[in-house]
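Breakdown of the fold
Each chain, letter by letter, is given below.
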Amino acid sequence: MPDSRPEHKAGIHGWGAYIPRYRLPLKLIASTWGWAEDQYKGLNVVQKAIAGPDEDSTTMGYEAALNAIKRAGIDPAEIGAVFFGTESKPYAVKPSATIIAEALGITPITMATDLEFACRAASEAMRTSIGLVSSGMLKYTLVIGSDTAQAQPGDVLEFTAASGAAAFIIGPSEGAAAVFEGSYTYVTDTPDFWRRSLQPYPRHGEGFTGEPAYFHHIISSVRGLLEELGLKPSDFDYAIFHQPNGKFPVRVGLRLGFSMEQIEPGLVTPEIGNTYNASALLGLARVLDKAKPGERILVAPFGSGAGSDAYSIVVTDRVEEKKGRAPTVEEYIGRGVEVDYGFYLRYRGKIKLMPR
Amino acid sequence: MVGIIGVGMTRINRHYGKGLRELALEAASSAVEDAGVNGVDFIVVASSLSYKQVGQLDLAGHLASYLGYRGSRGIAVESGEASGLAGLMVAYGLLASGVADKVLLVGVDKLTEYNSGETYSHLEGLYDVEGDGFYNIGHAGIAGILMRLYMNEYGVDRLTMANWPALMHANAKVNPYAMLRFAITPEKAASAMPLADPITLMDSYPIGDGAAALVLARGDSGDVEVSRVESSTGYPSPAHRDDPLFIESLRDAVARIGLSREDLEKIDVMEIHDSFTITAYMILETLGLSDKGRAPRDVAEGRYNGGGAPVLNPSGGLKARGHPIGATGVYQLAELTLQLRGEFPGVRVDGAKRGLAISLNGFGSSSYVALLTAR
Amino acid sequence: MITRHWRRRHNLYKLVGSRCRSCGRVFYPYSQRCIYCGSREVEQARLEGDARLVSYSIVYSVSDEAKYEAPVILGMVDIGGVKVIAELTDVSPGEVEAGMSLEPVLRRVTVNGESGLIYYAVKFRPRLGGSGSGGD
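In this text the structure is predicted, and so the values were computed from the model without any measurement.

Details of the overall build of chain B
- Across its full length, chain B holds 15 helices and 12 strands.
- Against the globule reference of 21 Å for 375 residues, chain B gives a C-alpha radius of gyration of 19 Å, in line with a compact fold.
- Long-range pairs, those at least 24 residues apart, make up 78% of the contacts in chain B between residues at least 6 apart in sequence.
- Split by element, the accessible area of chain B, about 11,900 Å² in all, is 46% carbon and sulfur.
- Taken together, the 32 basic and 43 acidic charged side chains of chain B have centroids lying 4 Å from each other.

Pasting the structure below:
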């Protein structure tokens, strides 16, 4: 490993997940809206996680961050930046990052901001954090990806738009559970998926979200990273990609030369749907829950609009002591209870009550 | 010496056609007529929820003219559900100190100016808005917690708990001023629609408006004397108590009057604050009239309707007579006065000489006790 | 309500109550005077430790603001020996039972319409993974 790369000075000290309790089976969406079964069967998603009526991206991000801090075992006041990546901000204007920072005891001497880049805002925050930490400017940062993804009822997007959060404490490589080895970002102006201001639901270009957007950007960022680091797919133990459904991450991984054995451990969407900013990062959290010292992880989030980051991460022997300090992704997946479509409509506020 | 020389009440109901002013006027006119006086020199208005529902501040100032007493002195008293007896405490002080000779005490409240969802939100203000009341407790949530706690603690089943509302409805049936003038069985009360499980619709006071009034005078006029009125403040939440079911502020208020358990047992008639079934049992066990966990069975065995202990709530209580929040204490006083005069137009306690009114806010953030004696 | 919630955000987000240095009692919420002995010697104390459901009510008669969440499950919770009344979450009426093990979480409590503020505070949910994992 050449140590000239600044990434080597930064690592993951704690990771945390959050997945809400409620699960909506896709077959109920299909039967409500008259979709043929084939419409969703190919997505390789069985059910999606939906947040309760008292949850939003802020409360979910809070719990994921609390879990990350527990694993890091640090004093929250040592955190110098809180980055909150979401595309489902409870407030259009007013940061969620400050609410989370206050509730976790990180305020007041800290940076705090909400970031937006469709599903990869939190990933951008991770790369920003590497810069802040490796430069010595900050000791720890908190990176949160959290979404209560919204979809117009009846839109095909409704099958996968789900709720979840993931968070990471980024700090110096010394004492970290995993150390960054390299990072690479690839962005273009590609309008595959968007939501205009004041609109409740996003729109998308259907098939246009695939090749020119998802596949082109992830393939470009991963190939760029591998080239810079002089690594090949077989050098990795795990490969995690953004997961808009259960099909795309497998296809992009295989095309890049990774195997199912590398891809499968980080797949979460088949069981909970697409959690947007948390999607690939929950995959990373799930892999860290079981990774062994010395293993190498590739993670490549993607956001519409469009861009992808690719990271190479090497697990250290400090990972073991941190695993049991907070609930695992598996435990959150396992706590699901099935709900029906009416429950989903009411709990996600899709039935508007009359203003008084 | 302070005497009650006149009483007046409106029937408690959903008085959609009458505002605060009309209700107050009706009760005040009856009381003044009953007293046979020409004027009063002080008006004390007891009201609570109307500040949220009607929105009128300086109630005494704004009501005086419409009651025909512009120019009299006036003050409004707000102590939540205990406002009525708090009003009595103020009136008593004014009379005993010689500041006033005749006081008109009007308890009046409106609960039906809004739909129920909004009214529940207003009623949450009776609880600690900086603590419990920050959450969506509704009007009965804390009562529900306490009722389940009681049932679990003492192994009392749901049906046995329902003896109280059954007795209250039996009493209210013959009280012309009561809101709910129909009988119910314990079975029906226990299986009614849940409001805050295990509290059913029939464990709770109904939402209704009303006004009651007294004319009080210094000296020995009037058939009924206000012997003592006392109070104590308590914890903001029942969660602050070691035993959430024990109302320490009520114990303290009773102790300030100097009434022992034996003294309480010799009271002829009481009007107590049964906002919910559980509140009635908590009061009986705090006073020591029933042993802990025994109150529901004591009620079933007839102890409190002629079975030797004081007769409780011959009016039907908050449960069935009704509970127009800030006016309720004044209803209790008017009813006890009529009992001591032998004129109560419902279940009558013959030969009653001493009556006790007990009023709380919530589950004891304030407790008030008033002892009335026939002259 | 805007400023009231802001003043009390530490209580509401982190369950900060009071510990009296005179009588030793701990209570919620924070108060500058001890509600038990009246002492001024009160310090802020975060409520921590095992949380257990003492009693609860399933509240159907809720205010309009709580309609999305009805029925509200309201609990009396013992946390580290201090009793508080708070909402429960992530539990259905059929699952809740007195004595169950709980843990604090941050949730929305009141939302002021479509354009007003969102008020967050601690609620309690059944402890993840029962009494064992899911904690510290």
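Considerations on the overall build of chain C
- In terms of helices and strands, chain C carries 2 helices and 8 strands.
- Put simply, chain C runs from its N terminus to its C terminus through helices and strands in the order α-α-β-β-β-β-β-β-β-β.
- A compact globule built from 136 residues would reach a C-alpha radius of gyration of about 14 Å, and chain C, at 16 Å, matches this within 12%.
- Each principal axis of the C-alpha distribution contributes one length, and for chain C these read about 45 × 40 × 25 Å.
- Counting across all 136 residues of chain C, residues that qualify as buried make up 55%.
- Contacts in chain C between residues far apart in sequence, at least 24 positions, make up 40% of those at least 6 positions apart.

What about the sheet that holds strand 2 (residues 26-27) of chain C?
Residues and elements named next belong to chain C.
- Taken in spatial order, the 3 strands line up as 2-1-3 in an open sheet, and their pairing is antiparallel. Sheet topology places strand 2 and strand 3 (42-46) at the edges, where each strand pairs with a single neighbour.
- One ladder, built from 2 bridges, connects strand 1 (residues 16-20) with strand 2; its direction is antiparallel. Counted as the bridge partner of Arg-19 is Val-26 from strand 2.

Examining the interface of chain C and chain A
- Contacts between the two partners involve 31 residues from chain C and, on the opposite side, 31 residues from chain A.
- Across the chain C/chain A interface, buried area totals approximately 2,700 Å², and carbon plus sulfur atoms make up 48% of it.
- Broken down residue by residue, the surface that chain C buries against chain A is led by C:Tyr68, C:Asp90 and C:Leu106, which jointly contribute 25%.
- Our count for the contact surface shared by chain C and chain A stands at 8 salt bridges.
- Between C:Arg107 and A:Glu55 there is a salt bridge, and its shortest N-O distance comes to 3.2 Å.
- The tally of links from chain C across to chain A stands at 19 residue pairs in polar contact (both at pLDDT 80 or more).
- Looking at the side of chain C that touches chain A, the elements with two or more residues in it are helix 2 (9-14), strand 7 (101-111) and strand 8 (118-126) of chain C.
- In terms of residue class, the side of chain C that touches chain A is made up of 10 nonpolar, 7 polar and 14 charged.

Points about the interface of chain B and chain C
- Listed per partner, the contact involves 36 residues of chain B and 42 residues of chain C.
- Here chain B and chain C share an interface that buries about 3,200 Å² over both sides, 58% of which is from carbon and sulfur atoms.
- Considering only the surface of chain B that becomes buried against chain C, B:Phe134, B:Tyr135 and B:Asn136 emerge as the three largest contributors, covering 27% of it.
- Across the contact surface, chain B and chain C share 3 salt bridges.
- Residue C:Arg8 pairs with B:Glu130 through a salt bridge whose shortest N-O separation is 3.2 Å.
- Scanning the region where chain B abuts chain C turns up 17 residue pairs in polar contact (both at pLDDT 80 or more).
- A breakdown of the residues in the side of chain B that touches chain C according to their chemical character gives 16 nonpolar, 11 polar and 9 charged.
- Direction of pairing for strand 5 (residues 194-197) of chain B relative to strand 4 (residues 51-59) of chain C: antiparallel, over a ladder of 2 bridges. Note that in strand 4 of chain C the partner of B:Asp197 across the bridge is C:Ile58.

Some words on helix 10 (residues 248-257) of chain B
Residue and element names in this part refer to chain B.
- The set of residues buried in helix 10 consists of Glu-248, Ser-249, Leu-250, Ala-253, Val-254 and Ile-257.
- Close packing links the buried residues of helix 10 with strand 8 (224-233), helix 11 (261-265), helix 12 (277-287), strand 11 (354-361) and strand 12 (366-374).
- Positive phi appears at Gly-258, one or two residues downstream of helix 10, with a value of about 90 degrees.

Points about the side chain of C:Ser39
Residue and element names in this part refer to chain C.
- You can see Ser-39 is positioned in the loop between strand 2 and strand 3.
- Side-chain polar atoms of Ser-39 contact the backbone nitrogen of Glu-41, separated by 2.8 Å.
- When neighbours within four sequence positions are excluded, Ser-39 is seen to be in contact with Cys-20, Ser-22, Gln-32, Arg-33 and Cys-34.

Considering the sheet that holds strand 3 (residues 47-50) of chain A
Residues and elements named next belong to chain A.
- Ordered by their spatial adjacency, 3 strands build an open sheet running 3-2-15, and the pairing between neighbours is mixed. Lying at the two open borders of the sheet, with one neighbouring strand each, are strand 3 and strand 15 (337-338).
- Pairing of strand 2 (residues 22-25) with strand 3 involves 4 bridges; the strand directions are antiparallel. Among the inter-strand pairings, Pro-25 is bridged to a residue of strand 3, identified as Gln-47.
- Each of strand 2, strand 3 and strand 15 is contacted by helix 1 (residues 26-33), which is oriented at about 50 degrees to strand 2, the strand it contacts most.

Here's the deal with the nonpolar core
- Counting 141 residues, the largest nonpolar core has B:Leu216, B:Ile278 and C:Phe124 as the members making the most contacts within it.
- It is helix 6 (residues 141-154) of chain B that contributes the most residues to this core, 8 residues altogether.
- Here this core gathers at least three residues from each of two domains, domain 1 (1-47) and domain 2 (48-127) of chain C.
- Among all residues touching C:Phe124, those that are not within four sequence positions of it are C:Leu15, C:Ala51, C:Val77, C:Ile79, C:Val84, C:Ala86, C:Glu87, C:Leu88, C:Thr89, C:Leu102, C:Glu103 and C:Pro104.
- Residues A:Leu142, A:Ala166, A:Ala177 and C:Leu128 belong to the second largest nonpolar core, which totals 76 residues.

Scoring rules and cut-offs
Residues numbered from 1 in each chain as written. Chains lettered and ligands numbered in written order. Predicted model: local features only at pLDDT ≥ 70, side-chain atom pairs only at ≥ 80, totals over all residues. Heavy atoms only, no water. Helix = DSSP H or I, 4+ residues; strand = E, 2+ residues; numbered from the N terminus. Rg over C-alpha atoms; globule rule 2.2 N^0.38 Å. Contact = heavy atoms within 4.5 Å. Areas by Shrake-Rupley, 256 points an atom, 1.4 Å probe, with all protein chains shown as cover. Lys, Arg positive; Asp, Glu negative; His and termini not counted. Charge placed at Lys NZ, Arg CZ, Asp CG, Glu CD. Buried < 20%, exposed > 50% of the residue type's maximum accessible area, 1.4 Å probe, protein only. Pairing = 2+ DSSP bridges. Buried area = accessible area lost by both parts, 1.4 Å probe. Salt bridge = Lys/Arg side-chain N within 4 Å of Asp/Glu carboxyl O. Polar contact = N/O pair within 3.5 Å; in protein donor to acceptor, adjacent residues only side chain to side chain. Nonpolar A, V, L, I, M, F, W, Y, C, P; charged D, E, K, R; others polar. Axes fitted to C-alpha atoms, helices over the stretch in contact; angles between N-to-C directions. Core = buried A, V, L, I, M, F, W, Y, C linked by side-chain atoms within 4.5 Å. Domains from an automatic or database assignment.

Read these as spatial facts, not as claims about activity.
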